[in-house]
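# Working through the structure, step by step
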Amino acid sequence: MKQEIALLVVFLLVFLYDTFMPRKALGATSAVATVLFAIYTVWSFIFQVPGPQDAFSGMYATSPVCEMIKNILNVGVLIVLVQSTTWVNTDMQKVRRGEFYELLLVTLFGMYLMISARHFLLFLIGLESASLPLAAMVAFEKNRYESHEAAVKYMLTAVFSSAVFMMGLSFVYGLCGTLYFEGIANQLGTQPDALLIIALAFVISGLGFKLSLVPFHLWTADVYQGAPTPVTSYLSVISKGAAAFAFLVILVQAFGQFYSQVWEWMLYALIIATITVGNLFAIRQKNLKRFLAFSSISQAGYIMLGIVGCNDWGLAAMMYYILVYIFSNLAAFGVIGAIENNTGKMEMTDYTGMSKTNPWLSFAMTLAMFSLAGIPPFAGFFSKFFIFTSAIHQGSIAIYVLVLIALINTIVSLYYYLLVVKAMYISPEEPQIATFRSTCTERTGLWVTVLGIIALGIASCFYDSIFAVSETSGLFSFIH
């Protein structure tokens, strides 16, 4: 549990600094939080566990693959911290900047527990630790009605999804008499009964809300639009990455023996609906945060293809996809945040002719759109290639059809991602956004994300290291 303990140490140091330092020193809160988390992130990469370890009688388990996904999330959180510095130090937010960092670290701690949980009670503790502070972060801009509305919708959705999830767990406990993942796998028979199918449907539905899978996605666009942009970027990548990995662990560790009989087909339906609906609704959006909300719904469907693969290739492809998605999506949100902080504009029509007035921001947004669309040689192309390859490795006719549908949807997504590029570079109308210079932290965040998009697309060592760790995971021992 060294990562969790170290994260709590960072949280306590930020909390103590924010609470006890004199008012004149509080201006450095952002720098202190970012530097401390950067040190912690580097430390996590250097000192890793040599093999599987557990605690609390097996309720908590960690391994190199668990640490790998946590480190990937740490990279995303660090970028969010850098990009949010300008916003959190505005006159309206600086009085609460300490709370922002503390809430963010608590949600990350909850996601750590979700990733390492091997017992459903510990998983629920992590789930609620991640969800409840996020509701406060969504409502962080106290003077904006949209922020309050988004927080209410997020809270109601979180409560409802947790209730659905726990209803499924009650059925599972009634069937097995235990909430340990391994115990459930050992207690269930070889043939699924009706109650197990219902229980699994409830469990998948509850987790589907967290991942914004269709038809559990309706809250996403409103929450993304109403929340502060740094919170939206955090929700769209960090929360989704942690939930996807936890989803995989639950399905393969607790219900792996019913893979082909029950939940494989449930996931097929969810993936097709999620990718298709997300793409079709993204085409209609004019607000860029709503646009990226439906884009993230579609991306969640692609991430689920790694789970359907149900092998080490699928696990590696899913983690690599999450890493690439972090850099690509945070690059887009970095541009949106910089423009919002300086002009307050967030409509796609506002980006008309922006390449003439702000060429660097236009270039960064173009790379982000190309990567999200999967255009080579950028990182998004290789993440989609690996996720499709891992899925078809299974070899069934149904998976070929599923991947074909996903490929067709990739062509659709190419259209709406290029709409943003068209507005910036090709539209003949006069620019709507005047030339401005973004802050140092905004430029730093964009440089990091742009370099990540390029480097992940041309350097194979990143995927190789992830795959090497995935081969030792042992997560798929219960698949039959």
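Residues numbered from 1 in each chain as written. Predicted model: local features only at pLDDT ≥ 70, side-chain atom pairs only at ≥ 80, totals over all residues. Heavy atoms only, no water.

The next thing to look at is empty space enclosed by the protein. For the structure shown, the criterion picks out three cavities of 30 Å³ or more. Its boundaries defined by the atoms lining it, the largest cavity holds a volume of some 180 Å³. Lining the largest cavity are 20 residues, and of these S131, L134, Y154, K210 and S239 lie nearest its centre. At the level of elements, α5 (97-116), α6 (120-138), α7 (145-176), α9 (194-211) and α11 (229-254) are the ones that each hand at least two residues to the lining of the largest cavity. Broken down by element, the lining of the largest cavity gets its largest block of residues, five residues, from α11. (1 Å grid on protein atoms, 1.4 Å probe; cavity = no way out; pocket = protein on both sides within 12 Å on 5 of 7 lines; lining within 4 Å. Points joined across faces, edges and corners; volume = space filled by probe spheres on them. Helix = DSSP H or I, 4+ residues; strand = E, 2+ residues; numbered from the N terminus.)

Where helix α14 (residues 312-343) contacts helix α20 (residues 461-470), the axes come no closer than 9 Å and their chain directions differ by 135 degrees. If you check the angle between α14 and α20, you find them oblique. For α14 against α20, the interelement crossing comes out right-handed. Between α14 and α20, the contacting residues are D312, W313, L315, A316, A317, M319, Y320 and L323 on the first element and F462, Y463, I466, F467 and S470 on the second. A class-by-class count of the residues in the contact of α14 with α20 yields 11 nonpolar, one polar and one charged. (Axes fitted to C-alpha atoms, helices over the stretch in contact; angles between N-to-C directions. Parallel < 35°, antiparallel > 145°, perpendicular 65-115°, else oblique. Left-handed = near helix turned anticlockwise from the far one by under 90°. Contact = heavy atoms within 4.5 Å. Nonpolar A, V, L, I, M, F, W, Y, C, P; charged D, E, K, R; others polar.)

With respect to the helices and strands, V35 occurs in helix α2 (residues 29-46). For V35, a relative accessible area of 48% gives the class partly exposed. (Buried < 20%, exposed > 50% of the residue type's maximum accessible area, 1.4 Å probe, protein only.)

Following the sequence through the fold, C310 ends up in the loop between α13 (288-309) and α14. Along the sequence, C310 and G208 sit 102 residues apart, while their C-alpha atoms lie 18 Å from each other.

Turning our eyes to something else, we now look at the nonpolar core. General note: in soluble globular proteins, nonpolar side chains tend to be found buried as a group. Grouped together as the largest cluster of nonpolar side chains are 171 residues, with contacts concentrated most on Y234, F245, F247, F255, W263, M318 and M369. At 21 residues, the largest contribution of residues to this core is made by α14. Beyond its immediate sequence surroundings of up to four residues, F247 is in contact with I204, L207, L211, L213, L267, M304 and I307. (Core = buried A, V, L, I, M, F, W, Y, C linked by side-chain atoms within 4.5 Å.)

Considered as a void within the structure, the largest pocket measures approximately 350 Å³ in volume. If you go around the largest pocket, you meet 23 residues; those closest to its centre are W87, E141, P230, E340 and N341. Elements that contribute at least two residues to the lining of the largest pocket include exactly α3 (64-83), α11 and α14. Element by element, the count of residues in the lining of the largest pocket is highest for α14, at six residues. Its residues assigned to classes, the lining of the largest pocket comprises seven nonpolar, 10 polar and six charged. Put simply, the second largest pocket is a space of about 270 Å³. Lining the second largest pocket are 15 residues, with F45, I72, V75, L323 and F462 positioned closest to its centre. When residues of the lining of the second largest pocket are traced back to their parent elements, those giving at least two are α3, α14, α19 (440-458) and α20.

Applying the stated criterion across every chain, the model contains 31 aromatic pairs. Measuring from centroid to centroid gives 6.0 Å for F120 and F165, while their planes differ by 65 degrees, and the two rings are edge-to-face. With F120 in helix α6 and F165 in helix α7, this pair connects stretches of sequence that are 45 residues apart. The burial state of F120 is the same as that of F165; both residues are buried. With a centroid separation of 5.8 Å and an interplanar angle of 75 degrees, the aromatic rings of F171 and F202 are classed as edge-to-face. Highlighted residues: F171 in helix α7 and F202 in helix α9, separated in sequence by 31 residues. By relative accessible area, which is 24% here, F171 ends up partly exposed. (Phe/Tyr/Trp six-rings, centres within 6.5 Å; stacked < 30°, edge-to-face > 60°.)

Right, let's get into unusual backbone geometry. Omega for the peptide link from V214 to P215 comes to 10 degrees, which places this bond in the cis form. Mapped onto the secondary structure, P215 falls in the loop between α9 and α10 (220-226). The omega torsion of the bond from P376 to P377 falls at 5 degrees, within 30 degrees of zero and hence cis. Position of P377 among the secondary structure elements: in the loop between α16 (359-373) and α17 (379-392). With a phi close to 55 degrees, F56 is a non-glycine residue in the positive phi region. Within the secondary structure, F56 is located in the loop between β1 (53-55) and β2 (60-62). Its identity as a non-glycine residue notwithstanding, S212 has a phi of 60 degrees, on the positive side. If you trace the backbone, S212 turns up in the loop between α9 and α10. Accessibility expressed as a relative area gives 1% for S212, which makes it buried.

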